[in-house]
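Each chain, written out:
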Amino acid sequence: MSTQQTDAFFPDTITDRRQKWYSFNLQSMNEQSIFASRNSLPKSVYRFLWLGFNEHPLCIRIEQETGKPAQLFAKKTDGIGEMEPCNILLEKEMQITAEQFAELERQLDSISFWTLPTSEDVPLGTDGERWIFEALHSGRYHIVDRWCPQIIARDRPLVELGRLFVGAAQLE
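What you see is a predicted model; the values in this text were computed from it and never measured. (Residues numbered from 1 in each chain as written. Predicted model: local features only at pLDDT ≥ 70, side-chain atom pairs only at ≥ 80, totals over all residues. Heavy atoms only, no water.)

So, about the pattern of salt bridges. Tallied over the entire structure, the rule returns 14 salt bridges. Across the pair Lys75 and Glu31 runs a salt bridge, and its minimum N-O distance is 3.0 Å. In this pair, Lys75 is assigned in strand E3 (residues 70–77) and Glu31 in the loop between helix H1 (16–28) and strand E1 (43–52), connecting sequence segments 44 residues apart. Given the relative accessible area of 6%, Lys75 is considered buried. Residue Glu31 is classed as buried on the basis of its relative accessible area, which comes to 3%. The salt bridge partner of Arg146 is Glu120, with a shortest N-O separation of 3.8 Å. Remark: Glu120 occurs in the loop between helix H2 (98–110) and strand E5 (129–137) and Arg146 occurs in strand E6 (residues 140–147); sequence separation between them is 26 residues. Taken together, the shared-partner salt bridges in this structure form one network comprising Glu31, Lys43, Arg47, Arg61, Glu63, Lys75 and Glu134. (Salt bridge = Lys/Arg side-chain N within 4 Å of Asp/Glu carboxyl O. Helix = DSSP H or I, 4+ residues; strand = E, 2+ residues; numbered from the N terminus. Buried < 20%, exposed > 50% of the residue type's maximum accessible area, 1.4 Å probe, protein only.)

Take a look at the structure:
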């Protein structure tokens, strides 16, 4: 495990190797650390990072400041693999409806997101995908990191959460 620092991209519940991999991809997309900013951001922020082992990384972030419409930011790079240099292929910014934002929060509640373990010990294959969800609401931060949730029964609700992000970004 990594030693938690004030400027860490993620909490120390994420292994050093994954910290480097995930933060590399997020920084390639010009994304900031939600975790490092958790005490200073006056808004709700939800982010889905999808890393397929032979696919282009995708990040979808949804933010809402009190009293303002929710904004969605989607980015995809041409990277393949863990830490290859990459360029942004897709960058999209759009407003989402209050109903879409409410549905996201309902979905998080329905799967008890805030109490899910950050990661779980499962046998990992040599291929597959990492699904990383981060949430910040009222200064409370949580991250859930899974390998191939679509094939592990207890993690399948996370697939629906990922689809909700992708659908809101109109990337289906």
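Picking up where we left off.
Moving on: the sheet that holds E1. On the basis of which strands lie adjacent, the open sheet formed by six strands has the order E4-E3-E2-E1-E5-E6 and antiparallel pairing. Sheet topology places strand E4 (88–96) and E6 at the edges, where each strand pairs with a single neighbour. Ignoring strand direction, the axes of neighbouring strands in this sheet form an average angle of 10°. Taken together, the eight bridges between E5 and E6 define a ladder with antiparallel strand orientation. The partner of Leu136 across the bridge, within E6, is Tyr141. Helix H3 (residues 156–168) rests against E1, strand E2 (58–65), E3, E4, E5 and E6 of the sheet, and its axis sits at about 75° to E5. (Pairing = 2+ DSSP bridges. Axes fitted to C-alpha atoms, helices over the stretch in contact; angles between N-to-C directions. Contact = heavy atoms within 4.5 Å.)

Function-wise, these values are silent; they only describe arrangement.
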